[in-house]
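One-letter residues, chain by chain:
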Amino acid sequence: MDIFDKYAPFASRHEQLLQLGADPFAVRIDELRSATEAVIDGRETILVGTNNYLGLTYDPACIAAAQEALERYGTGTTGSRIANGTYGPHQELEQAFARFLKRRSCMVFSTGYQANLAMIAGLAGPRDVVLIDADSHASIYDACKLSGATIVRFRHNDPADLDRRLTRLGAEGECKLVVVEGLYSMLGDTAPLQAFVEVKKKHGAWLLVDEAHSFGVYGETGRGLAEAEGVEEEVDFVVGTFSKSLGAIGGFGASNHPKFDLLRFCARPYMFTASPSPSSIASVRAALQRIEEDPTLRTRLWANARRLHEGLVGIGLRPCSPVSPVIAVPLPGEIAAARAWNLLRERGVYVNLALPPGTPGSLCLLRASLSAAHSFAQVDVVIERFAAVVAELTEEGAALARTA
C-alpha cells in the first residue's frame, strides 16, 4: 500500500475542483499593491479574504520599525527563547502586551498556532480534562492531543451543553480547562462569554479564550471579545496571534496567574522552536501602539463590515452570522461554491473558498474578511460583483439566493 493512499478521497476532490478553474488552495499573488489590492493571475484584484482586519501590513510606522530591527538585529534569532533567542525586543513586547491586556504576564510565541499548542498543552496534562467548543480551530484540537488530557467536546456556543458535560464529569480530572474562541473564523459568530464564565465558575473550571480573530477588533480599546463582554477578570488565560489585526507573524499568551511564567520551562512549542524574528517583533510593537492610539481603525473596519453585510443581504444572500469582520455566505454544495469562487476571482475579487471538513456542519462557504483599509468604493465593487456572479450562475444563482 502506498503511504499516500489514505488521501485518495481528498485527491479526487481536489482534481474535481481543478476542473472548474484555478486551484483555490494555491492562489498565487503576483504583486501586492496595498493591504487591499493585488495582482492575481494578471488581474487587478480586491482582497477580501486576508484577515488583515486593521490593514496594518502596509502601515508606515510598522514597516519602518521592521526595517530598523532588521538592520540592528539581523534576519533571525537562530535559537529558541531558552537558548540564544531572547532579545531585548522580545521581552519589551511581552511587557507591552501585558500592560495593554491588563495582565500580569505575557509570553510571545513564533506563530499563533504554536501559541495554542504551548498554552493548552502546557496548562493541561494526562490527569486533566480539556473541554473545547466543537467548532474550535485545528490548533486547539492539536494542542489537546499534545497535552495528553482527556478531551471533551461540547456543542458550539452552547453554555448549557458545557454545563451538562461538566456536571457529568463530576470529580473526574484533577483540573478542568474550558477552551473557546472569541470570534470564530469560519462563520463569523462570537462566543457567549458571559454565559460561559458563569458555567466555569459554577464548576470551578479554568477558562482560556482564543482571541486570534477578535483581538484588535472587539472591545473599547481592542483587547478582544472578553473586553467587549466585560468579563476580562473572569477569563483566566487569553491567547492571540500576530497574523491578523497586528499584520505580522507570531502569537501571544497572557494571564494574571502568579505562576504563569512556569510555562516558559514546561511548554514544548515555546522551548524547542526558534523565537520570532526581530523584524516581526518590531512591527508588532508598532502595530500594538497604533491600535492603542487610533480607535478609528476599528471604526472604519466596522463601517466596512456593516456595508458589505447589508449589501450582500440586499442582493438576496444570507450570511451565516450577524455583522462581524468575517462574513461567510453558504452555498449549495462544493461545485456551486467552487464555480462562484472562480467567477469572483475572474472578476477581480478574492475571497476564501471554505469547504468540509474545515467548515462547521459540512457547509460550503465563500468567506470574506473586511479591513479598515478597504474604501467604501471597494466594498461597493465587491457587492456588485457578487450580484453579477449570482446572476451568471442562473439556476445555481437562484439556489444561492435562497440558501439559508
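Not measured: the values here are computed from a predicted model. (Residues numbered from 1 in each chain as written. Predicted model: local features only at pLDDT ≥ 70, side-chain atom pairs only at ≥ 80, totals over all residues. Heavy atoms only, no water.)

Draft legend 1. Highlighting the overall build of the protein chain. The secondary structure content of the protein chain amounts to 15 helices and 14 strands. Relative to a compact globule of 404 residues, whose C-alpha radius of gyration would be 22 Å, the protein chain shows 21 Å and is just as compact. Based on the C-alpha atoms only, the size of the protein chain along its principal axes is roughly 60 × 55 × 50 Å. Counting across all 404 residues of the protein chain, residues that qualify as buried make up 55%. Entry remark: accessible area of the protein chain is about 17,400 Å², with carbon and sulfur atoms responsible for 52%. (Helix = DSSP H or I, 4+ residues; strand = E, 2+ residues; numbered from the N terminus. Rg over C-alpha atoms; globule rule 2.2 N^0.38 Å. Buried < 20%, exposed > 50% of the residue type's maximum accessible area, 1.4 Å probe, protein only. Areas by Shrake-Rupley, 256 points an atom, 1.4 Å probe, with all protein chains shown as cover.)

Draft legend 2. Structural detail: the sheet that holds strand β5 (residues 129-133). Strands sit in the order β4-β10-β9-β8-β7-β5-β6 across an open sheet of 7 strands; the sheet is mixed. Two strands close off the open sheet at either side, each with one partner strand: β4 (105-109) and β6 (150-154). Each neighbouring strand pair of the sheet contributes to a mean axis angle of 20 degrees, computed without reference to strand direction. Inspection of the sheet shows β5 paired to β6 by 5 bridges, in the parallel sense. (Pairing = 2+ DSSP bridges. Axes fitted to C-alpha atoms, helices over the stretch in contact; angles between N-to-C directions.)

Draft legend 3. Region of interest: unusual backbone geometry. Going from Pro356 to Pro357, the amide bond is cis rather than trans, its omega being 5 degrees. Of note in this structure, Thr78 is not a glycine but carries a positive phi near 60 degrees. Turning to its location among the elements, Thr78 is positioned in the loop between α2 (60-73) and α3 (88-101). For Asn157, which is not glycine, the phi torsion reads 55 degrees and is therefore positive. Mapped onto the elements of the fold, Asn157 is located in the loop between β6 and α6 (159-169).

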